[in-house]
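# A look at the structure
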Amino acid sequence: MSAAVHMTDPGPDGRFGDFGGRFIPESLVPACLEVEQAFRSAWADPVFRGRLDDLLRDYAGRPTPVTEAKRLSEELGVRILLKREDLTHTGSHKINNVLGQGLLTLQMGKTRMLAETGAGQHGVASATAAALFGLECVVYMGEVDTERQELNVFRMRLLGAEVRPVRSGSRTLKDAVNEALRDWVATVEHTHYCIGSVMGPHPFPWMVRELQSVVGHEAREQCRALLGGADPDLVLACVGGGSNAAGTFAGFVETGADLVGVEAAGGAAMDRGIPGILHGMRSYLLQDEWGQILEAESISAGLDYPGIGPEHSYLGDSGRARYAQASDDEVLDALQLLARTEGIIPALEPAHALAWLVGATRRGEVEAGSTVLMTLSGRGDKDAETVMGLLK
Ligand SMILES: *Cc1c(COP(=O)(O)O)cnc(C)c1O
């Protein structure tokens, strides 16, 4: 299998093998074509790229460091390097995507930005970018999530965004996406829908991967400096929709590194899903025998999406990446382990990646002495209350 065929431009139909595509109502086709064309020319334009790079540096705080996790490494018997997206402005990798799509919104001459959010992180990031660029911002959020993440709702409002609680379906992320798409159909002339992960219709999975690839490209250079020119043996990230993992993998897909994405056990679309169509894309989805979408369940609102980005479906089927799971209990243990060995409280999402690594090293599935690059996608402040409740 040639590594070179992976993570390239999927072309005008937006297919990653059998996955991806653009399964949307007729009324949204021109909007998606407009976004694709605008992104294609912006991404090839040194002026746009320069403006984005300036914002990533001066506003978001890039490049983020890679931290050698010495005490954790000793504990697990492997050499662990952490890519520190928790240290960005707003505290997660999501800022990389929204600065790119915010700039693109201006480029397209639009004045309003829509976003969906689960844990609230993408909503806060979108509200942040909208404030920075002077855009109107509406965030759709499942009612259940607004209750679980009250503080993030407040943050979005402080930043000037309107938060609309979604009361349909399971009242979580998947329903918020449906509502945002519905809004976009009616407002497309002046509105951009800023999708928060590598999901949705083409060009979003490709565009969001490209905007997040800064994580992987920086990390590869930083690893080479730390490892005397070598690449890590294993590259690890958590997967909700899959944007921090896709951005991370993009930097290493051409190396010999083993790529592992870790889903929540209760939302493991790659393990228990069946290919189907949702939110404009074909991908692995949790569904029953009649094709009804099942609810994902996890302690982490950011991982409770019943599908996975289409490129991950392809990377998994082709064997270039593999996907594993971590349970809620393992995740809580891993979060405390990182806090106590390194003084870093991670978000619950990246604690899934660490939880898998802890189990895999104990089971002997990862060779002792291996080098591991793990993306720490966000900081744990937003989850402190949830964790406090679970540890009582
Ligand atoms: C949103 C979020 C995730 C999950 O999203 P991906 O698109 O899979 O990266 C993971 N970690 C953090 C900290 C998040 O906020």
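Residues numbered from 1 in each chain as written. Predicted model: local features only at pLDDT ≥ 70, side-chain atom pairs only at ≥ 80, totals over all residues. Heavy atoms only, no water.

Attention shifts here to the overall build of the chain. From N to C terminus, the chain includes 15 helices and 14 strands. Overall size of the chain, expressed as C-alpha extent along the three principal axes, is 55 × 45 × 45 Å. When burial is assessed residue by residue, the chain has 62% of its 392 residues classed as buried. For the chain, the computed accessible surface area is about 14800 Å², with 49% contributed by carbon and sulfur atoms. The distance from the centre of the 36 positive side-chain charges to the centre of the 53 negative ones in the chain is 3 Å. (Helix = DSSP H or I, 4+ residues; strand = E, 2+ residues; numbered from the N terminus. Buried < 20%, exposed > 50% of the residue type's maximum accessible area, 1.4 Å probe, protein only. Areas by Shrake-Rupley, 256 points an atom, 1.4 Å probe, with all protein chains shown as cover. Lys, Arg positive; Asp, Glu negative; His and termini not counted. Charge placed at Lys NZ, Arg CZ, Asp CG, Glu CD.)

This part covers the site of the ligand. Inspection of the region around the ligand gives 17 residues, with Lys94, Ser197, Gly240, Ser243 and Ser377 positioned closest. Separating an oxygen atom of the ligand from a side-chain N or O atom of His93 is a distance of 2.9 Å. At a separation of 2.7 Å, an oxygen atom of the ligand approaches a polar backbone atom of Gly240. Its residues placed into classes, the shell around the ligand shows three nonpolar, twelve polar and two charged. The residue makeup of the shell around the ligand includes at least three contributed by each of domain 1 (14–55 + 94–204) and domain 2 (63–92 + 214–391). (Near = heavy atom within 4 Å. Polar contact = N/O pair within 3.5 Å; in protein donor to acceptor, adjacent residues only side chain to side chain. Nonpolar A, V, L, I, M, F, W, Y, C, P; charged D, E, K, R; others polar. Domains from an automatic or database assignment.)

Here the focus is the nonpolar core. Among the nonpolar cores identified, the biggest contains 60 residues, and Leu52, Leu99, Leu104, Met156, Trp184 and Tyr193 are the most heavily contacted of them. At seven residues, helix 1 (residues 29–43) tops the list of elements feeding residues into this core. When residues of this core are sorted by domain, at least three fall in each of domain 1 (14–55 + 94–204) and domain 2 (63–92 + 214–391). Residues within four places of Leu52 in sequence aside, it is in contact with Trp43, Leu99, Gly100, Leu103 and Leu211. Counting residues in hydrophobic clusters, the runner-up holds 35 residues, among them Leu76, Ile299, Ala324 and Leu335. (Core = buried A, V, L, I, M, F, W, Y, C linked by side-chain atoms within 4.5 Å. Contact = heavy atoms within 4.5 Å.)

This part takes up the pattern of salt bridges. This structure, assessed with the given rule, holds 29 salt bridges. Of the charged contacts in the structure, one is a salt bridge between Arg167 and Glu143, with a shortest N-O distance of 2.8 Å. Of the two residues, Arg167 is situated in the loop between strand 7 (162–166) and helix 8 (173–187) and Glu143 in helix 6 (residues 143–148); the sequence distance between them amounts to 24 residues. One salt bridge connects Asp231 with Arg224, and the closest N-O pair in it is separated by 4.0 Å. Salt bridges sharing partners connect three or more residues here, namely Arg112, Glu136, Glu162, Arg164 and Asp183. (Salt bridge = Lys/Arg side-chain N within 4 Å of Asp/Glu carboxyl O.)

What follows concerns the packing of aromatic side chains. Tallied over the full model, the rule gives six aromatic pairs. Among the aromatic side chains, those forming a connected cluster through ring pairs are Phe39, Trp43 and Trp206. The ring of Trp43 has Arg49 sitting right over it, with the charged end atom 3.6 Å from the ring centre. (Phe/Tyr/Trp six-rings, centres within 6.5 Å; stacked < 30°, edge-to-face > 60°. Lys NZ or Arg CZ within 6 Å of the ring centre and 35° of its normal.)

It is at 10 Å that the axes of helix 2 (residues 46–58) and helix 4 (residues 94–107) come closest, and there the two elements cross at 140°. In terms of their interaxial angle, helix 2 and helix 4 are classed as oblique. The handedness of the crossing between helix 2 and helix 4 is right-handed. Each of Phe48, Arg51, Leu52, Leu55 and Leu56 in helix 2 lies in contact with helix 4, whose residues at this interface are Asn96, Leu99, Gly100, Leu103, Leu104 and Gln107. Residues belonging to the contact of helix 2 with helix 4 are distributed by class as follows: seven nonpolar, three polar and one charged. (Axes fitted to C-alpha atoms, helices over the stretch in contact; angles between N-to-C directions. Parallel < 35°, antiparallel > 145°, perpendicular 65-115°, else oblique. Left-handed = near helix turned anticlockwise from the far one by under 90°.)

Attention now goes to the domain arrangement of the chain. The accessible area lost on association of the parts is a frequent measure of interface size. Entries for the chain in the domain assignment read domain 1 (14–55 + 94–204) and domain 2 (63–92 + 214–391). Each of domain 1 and domain 2 has a C-alpha centre, and the two are 23 Å apart. When the two sides are added together, the surface that domain 1 and domain 2 hide from each other amounts to roughly 2900 Å², 62% of it contributed by carbon and sulfur. The tally of links between domain 1 and domain 2 comes to zero salt bridges. The element contributing the most residues to the side of domain 1 that touches domain 2 is helix 8, with five residues. In the side of domain 1 that touches domain 2, the residues fall into twelve nonpolar, 15 polar and six charged. (Buried area = accessible area lost by both parts, 1.4 Å probe.)

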